[in-house]
Amino acid sequence: MSKKIVTFGEIMMRLSTPGNKRFVQTESFDITYGGGEANVAAALCNYGMQGIFFSKLPDNALGQAALNHLRRYGVDTQFMARGGKRLGLYFLEPGVSMRSSQVIYDRADASITEAEASDFDFNEIFTDAAWFHTSGITPALSNSTAALTLAALKAAKAKGITTSLDLNYRKKLWSTEKAREVLSELCQYVDVCIGPDATLGFHSGDTDVNLDELKSADYLTVFKQLKEKYGFKYIASGLRESHSASDNSISALIYDGNELYRTAQYDVRIVDRVGAGDSFASGLIYGLIKGMKPSDAAEFGVAASALKHTIPGDMNHATLAEVEDLVKGNRSGKIQR
């Protein structure tokens, strides 16, 4: 039987300008659906696991469209709550060369913001689950979702389920101070922390943490502080060097309390970078569940993330074989016949 991984968060409709057009010049949008935790569930289904996503969607055709999108990729949605006002939206203007991508959120009063623990049966949702994953985006949406995220983490931990949290700080959603207050409490119930940054208030020397600019000794200092305070089993983070909106270099780190490991680096030509962090998280989770060494799990995760950059949309549709092949060093991109 495949492993059961539960995720919780928001799924939104994404409207993207086609052909690298700007918002002010487009007359149409390409529509898809996505959200951090939903993206993780879909990728894990793609790797042969049982990905379960629960959330709250409006009981209308748009909510059903989002639900159908998840089901299309094998995600188990049986625990989805229905109701509330609306489906959240976000608009994406893809960047190219020296022009950055732009995101505009339209997610106020989305159904998920009204969700409460009473909407879900955690005992049933977490039965036989191997892992529970959520992110720092979800508790940023409302006080209700913050309380619900905490309740879900507590329920998972009470059943002995491994938990992970991708911090995913979004400054457009809440302040650093509010994020630090909420996330610090959530971290008490987290086994695997992904993407730690200055949000949690840890420092290297006299400066806040900007992981993309730190040296290995600084990473180790910060990760040791996190390990000491929260007792995380693993701390992992993707790293990105942005040469332009079209070309980035990515790698990742993982710390197990003894050693800090840095993965291979990939130079990626970007088709769509949205969801790349979720792809790293899903690959890392897959590797750890399968019993890989932490270093190998991180290598699998960063390879999955590299491939996601080549795929349009929020979700990673790279196959298990493709990720494994890339980990082995096949970066040629030659036609497979």
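Refer to the structure printed above.
Keep in mind the model is a prediction, meaning the values are calculated, not measured.

### A look at the pattern of salt bridges
Item 1. A complete count under the given rule lists eleven salt bridges for this structure.
Item 2. Across the pair Glu-93 and Arg-22 runs a salt bridge whose closest N-O atoms are separated by 2.9 Å. Placement of the pair is Glu-93 in strand 7 (residues 89-93) and Arg-22 in the loop between strand 2 (12-16) and strand 3 (30-34), with a sequence separation of 71 residues.
Item 3. Salt bridges sharing common partners tie together Arg-14, Asp-272 and Asp-314.

### A few points about the nonpolar core
Item 1. Counting 46 residues, the largest nonpolar core has Phe-54, Phe-122, Phe-126 and Phe-132 as its most contacted members.
Item 2. Taken together, the elements giving at least two residues each to this core come down to strand 1 (4-8), strand 4 (50-54), helix 3 (122-125), helix 4 (143-158), helix 5 (176-186), helix 6 (216-230), strand 14 (234-242) and strand 15 (247-255).
Item 3. Take this core: its biggest share by element is seven residues, from helix 4.
Item 4. Not counting residues within four places of it along the chain, the set of residues in contact with Phe-54 comprises Val-6, Thr-7, Phe-8, Gly-9, Phe-79, Met-80, Phe-120, Phe-122, Ile-125, Phe-132 and Ala-152.
Item 5. Counting 36 residues, the second-largest nonpolar core is a separate cluster that includes Ala-281, Tyr-286, Ala-303 and Leu-326.

### Re the sheet that holds strand 3
Item 1. An order of 3-2-7-8 is seen for the four strands of this open sheet, with the pairing classed as mixed. Edge positions in the sheet fall to strand 3 and strand 8 (102-106), since each of these pairs with one other strand and no more. Averaged over all neighbouring strand pairs, the angle between strand axes comes to 25°, with direction disregarded.
Item 2. Relative to strand 3, strand 2 runs antiparallel, the two being bridged by five bridges. If you follow Met-12 over to strand 3, its bridge partner there is Gly-34.

### A word on the side chain of His-309
Item 1. Note that His-309 resides in the loop between helix 8 (294-308) and helix 9 (320-327).
Item 2. Given the relative accessible area of 0%, His-309 is considered buried.
Item 3. Setting aside residues no more than four positions away along its own chain, His-309 makes contact with Arg-240, Ile-250, Val-268, Arg-269, Ile-270, Val-271, Asp-272, Arg-273 and Ala-276.

### Looking at the environment of Gly-275
Item 1. Here Gly-275 is to be found in the loop between strand 17 (266-269) and helix 7 (276-289).
Item 2. Look at Gly-275 and you get buried, because its relative accessible area is 11%.
Item 3. Separated by 173 residues in sequence, Gly-275 and Gln-102 have C-alpha atoms that sit 15 Å apart.
Item 4. Apart from the residues within four sequence positions on either side, Gly-275 is in contact with Asn-39, Lys-308 and Asp-314.

### Focus: the environment of Leu-239
Item 1. Summarising the element assignment, Leu-239 is placed in strand 14.
Item 2. Remark: the alpha-carbon pair of Leu-239 and Gly-301, spanning 62 residues in sequence, is separated by 12 Å.

The rules behind these values
- Residues numbered from 1 in each chain as written.
- Predicted model: local features only at pLDDT ≥ 70, side-chain atom pairs only at ≥ 80, totals over all residues.
- Heavy atoms only, no water.
- Salt bridge = Lys/Arg side-chain N within 4 Å of Asp/Glu carboxyl O.
- Helix = DSSP H or I, 4+ residues; strand = E, 2+ residues; numbered from the N terminus.
- Core = buried A, V, L, I, M, F, W, Y, C linked by side-chain atoms within 4.5 Å.
- Buried < 20%, exposed > 50% of the residue type's maximum accessible area, 1.4 Å probe, protein only.
- Contact = heavy atoms within 4.5 Å.
- Pairing = 2+ DSSP bridges.
- Axes fitted to C-alpha atoms, helices over the stretch in contact; angles between N-to-C directions.

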